[in-house]
Amino acid sequence: MREDLINIYKEAPAIFETIRGEIGKVVVGQKSVVEQILVGILSGGHILLESNPGLGKTLLVKTIANTTGLDFSRIQCTPDLMPADITGTTLIEEVEGSKVFRFEEGPIFANIVLADEINRASPRTQSAMLEAMQEKQVTVGKNTYKLEEPFFVLATQNPIEMEGTFPLPEAQLDRFLLKIYIDYPSSEEEYEIMERYTGHAEPKVERVITRRELLSLQQLTRDVPISDDLKTAAIKAVVSTRSWEGVEYGASPRASIGLILASKARALLRGRDYVDRDDLVAMAYPILRHRIILSFDSERRGVTCDQVISDLLKSI
Amino acid sequence: MGVYRLFERSMSLLNGGIIAVLFYIAALFLGIPAFFRFYWQDSSFAWAPAAVSLILGLLGAKVLARWSDYDLFAHLEGSLSEKTKAAYDNRHSDSVVMQSLAADVKRRLSKVGAKDLINNRRLNFGDRSFPTFQAKAGALVLLIAFTAIFSQSQAGDEITPHPFKPLADLRDRAADLFGEEEIPKGGRTGTGISGEIYGKPSLAVLEEVNLELILYPGSAAGFRSRQTDPMDRLFTVSEPGEGVAVATELYIESLPPQHREIIKRYFENLATI
């Protein structure tokens, strides 16, 4: 087992480079977004992707799932989606003349679950995902079913369409390790996108990492050393959000855990065997931005969560 | 690391020196050393302010060393600093990543000498930076120079003849009254004094000159010798042990105004003993 870890650790930079290369075949640019998603996967956390329509959220998640060779399922969230449509349901089946109950697994039983436009699902359905996301298990009736590791929910939401949407409650937002914004591509990138997707051949990706390798990398992520000073700085950053001017509610201790874990994952992804201050600063934004609730006054003045995080990091 | 420890000790001594000199300068402004020199001129107690300043300096350096959260890692260059800190804080971990980190840190630290650490210890003044050791040593030299100059000017004010010039004038006036030449500074000393010291003239031989020494009963010690007959008008006849009021007032009035009160108090206290 230890030998395996040593081997994986030695090969990690090459594995990450290959993953990036494969994703790059399909997704143009968005290197920072790809890195953040990989951070989420290495940390074993769930990711909320937010962007305007047409920026390739779904394509990105599907591509990443394909490169990892993990079980992938997609849930297209709509207001009439029922919890059982996600978790699964118990069916009555006739076996050798007698009727028996059989649990039919829902799309949540996969390694990577893409919950597309999650804010379109009803609060009841959103809540059904809470247990799966936090406990990594599903309870239907009196039975509890464990979800197979690794398990990630990659949810997307569209910030501009408010009609017929149900904003995620704070409790559910807190369960997402990262909230990643996807921005518009540059003109050069858009030209490249146009070139790639207006021909006959659609780019294809290959599986470059096995489930076992991914689990080993997740274990290695937790082993990346971090200095006590940086741990203290991370806690200070999270605690500061609770008393920061213009912030109604700050981040929970889950954010401190997430910040350290995500910083470790970023260090590993960048081929470093220790966490440095840049990792902490870079990961503070996707970790904290959905955990900070601004006051009415701040929102009125047009202050954004990222601005608050930026000010907060300067003070530490 | 022996060189580095020596450097740290020297830094601490410099801190102590700077603090001690600052304390001594403060004492000079308050006139404490002059006060001690005035009252305990011939005693080692006159050095008490300097000794106390030195002790306070050493204590200050000790407190400073304890207060300043010394961070050796901060003196390492860039990424090595973070790397070493992470490795040190996780030294009990036996993970694969930690082992790799430890090996790398060990390899890179073997190239770092004490000199590199010392050279990196710098003070920043805007765009310029100076090694702390040199800056502190320079500051100490400047402070000592300032103290020496200030101390000299204070000493001149306090104990040189200038403020006591009226006293010298008094002596000269007394000499005029006796009709004699000016008494050399420091008085006259000699051997061979013989005979009675009260009543009759006595003879002293000083530098091959015969001097008649006459002391009158009740006039106490300190009168100078003269070669002429005694002149009663200079002294008020009084009982033995009593102060000579006229001479005292004349004496007090002739003192520099700033010292008048303390010398007056000194004689008053002497009279009560």
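Just so we're clear, the structure is a prediction, and the values are computed from it rather than from any experiment.

(A) Highlighting the packing of helix H1 (residues 2-26) of chain A against helix H3 (residues 57-68) of chain A. All names here are of chain A. At a minimum axis separation of 10 Å, H1 and H3 run at an interaxial angle of 140 degrees. Our classification of the angle between H1 and H3 gives oblique. As for the relative orientation of H1 and H3, their crossing is right-handed in sense. Seen from H1, the contacting residues are Ile19, Glu22, Ile23 and Val26; seen from H3, they are Leu59, Thr63, Ile64 and Thr67. Considered class by class, the residues forming the contact of H1 with H3 number five nonpolar, two polar and one charged.

(B) The arrangement of helix H4 (residues 78-89) of chain B in detail. When the terminal C-alpha atoms of H4 of chain B are compared, their 17 Å separation across 12 residues agrees well with the 16 Å that a helix rising 1.5 Å per residue should span. Three or more residues of H4 of chain B are buried, namely Glu82, Lys83, Thr84, Lys85, Ala86 and Ala87 of chain B. Packing partners of the buried residues in H4 of chain B comprise helix H9 (228-241) and helix H11 (277-288) of chain A together with helix H5 (96-109) of chain B.

(C) Structural view of the interface of chain B and chain A. Contacts between the two partners involve 16 residues from chain B and, on the opposite side, 16 residues from chain A. Ranked by residue count, the leading element in the side of chain B that touches chain A is H4 of chain B, at seven residues. When its residues are assigned to classes, the side of chain B that touches chain A shows six nonpolar, five polar and five charged.

(D) Highlighting the sheet that holds strand E5 (residues 112-116) of chain A. Residues and elements named next belong to chain A. With parallel pairing, the five strands of this open sheet are ordered in space as E2-E5-E8-E1-E9. Single-partner strands in this sheet number two, and they are strand E2 (72-76) and strand E9 (176-181). Strand-to-strand twist of the sheet, defined as the mean angle between neighbouring strand axes without regard to direction, takes the value 20 degrees. Pairing of E5 with strand E8 (residues 152-157), which is carried by four bridges, proceeds in the parallel orientation. Directly across from Ile112, in E8, lies its bridge partner Phe152. On the sheet, H3 packs against strand E1 (46-50), E2, E5 and E8 and is oriented at approximately 170 degrees with respect to E5.

(E) The pairing of E1 of chain A, seen in detail. Residue and element names in this part refer to chain A. By the criterion of burial, E1 is predominantly enclosed, with four of the five residues buried. Strand direction decides the pairing type here: E1 and E9, joined by five bridges, are parallel. Its bridge partner being in E9, Leu48 is matched across the sheet by Lys179. As judged from the four bridges shared by E1 and E8, these two strands associate in the parallel manner. Paired with Leu48 across the two strands is Ala155, which belongs to E8.

Definitions and limits used
Residues numbered from 1 in each chain as written. Chains lettered and ligands numbered in written order. Predicted model: local features only at pLDDT ≥ 70, side-chain atom pairs only at ≥ 80, totals over all residues. Axes fitted to C-alpha atoms, helices over the stretch in contact; angles between N-to-C directions. Helix = DSSP H or I, 4+ residues; strand = E, 2+ residues; numbered from the N terminus. Parallel < 35°, antiparallel > 145°, perpendicular 65-115°, else oblique. Left-handed = near helix turned anticlockwise from the far one by under 90°. Contact = placed C-beta atoms within 7 Å. Nonpolar A, V, L, I, M, F, W, Y, C, P; charged D, E, K, R; others polar. Expected span 1.5 Å × (residues − 1). Buried ≥ 20, exposed ≤ 12 C-beta atoms within 10 Å, placed from the backbone. Pairing = 2+ DSSP bridges.

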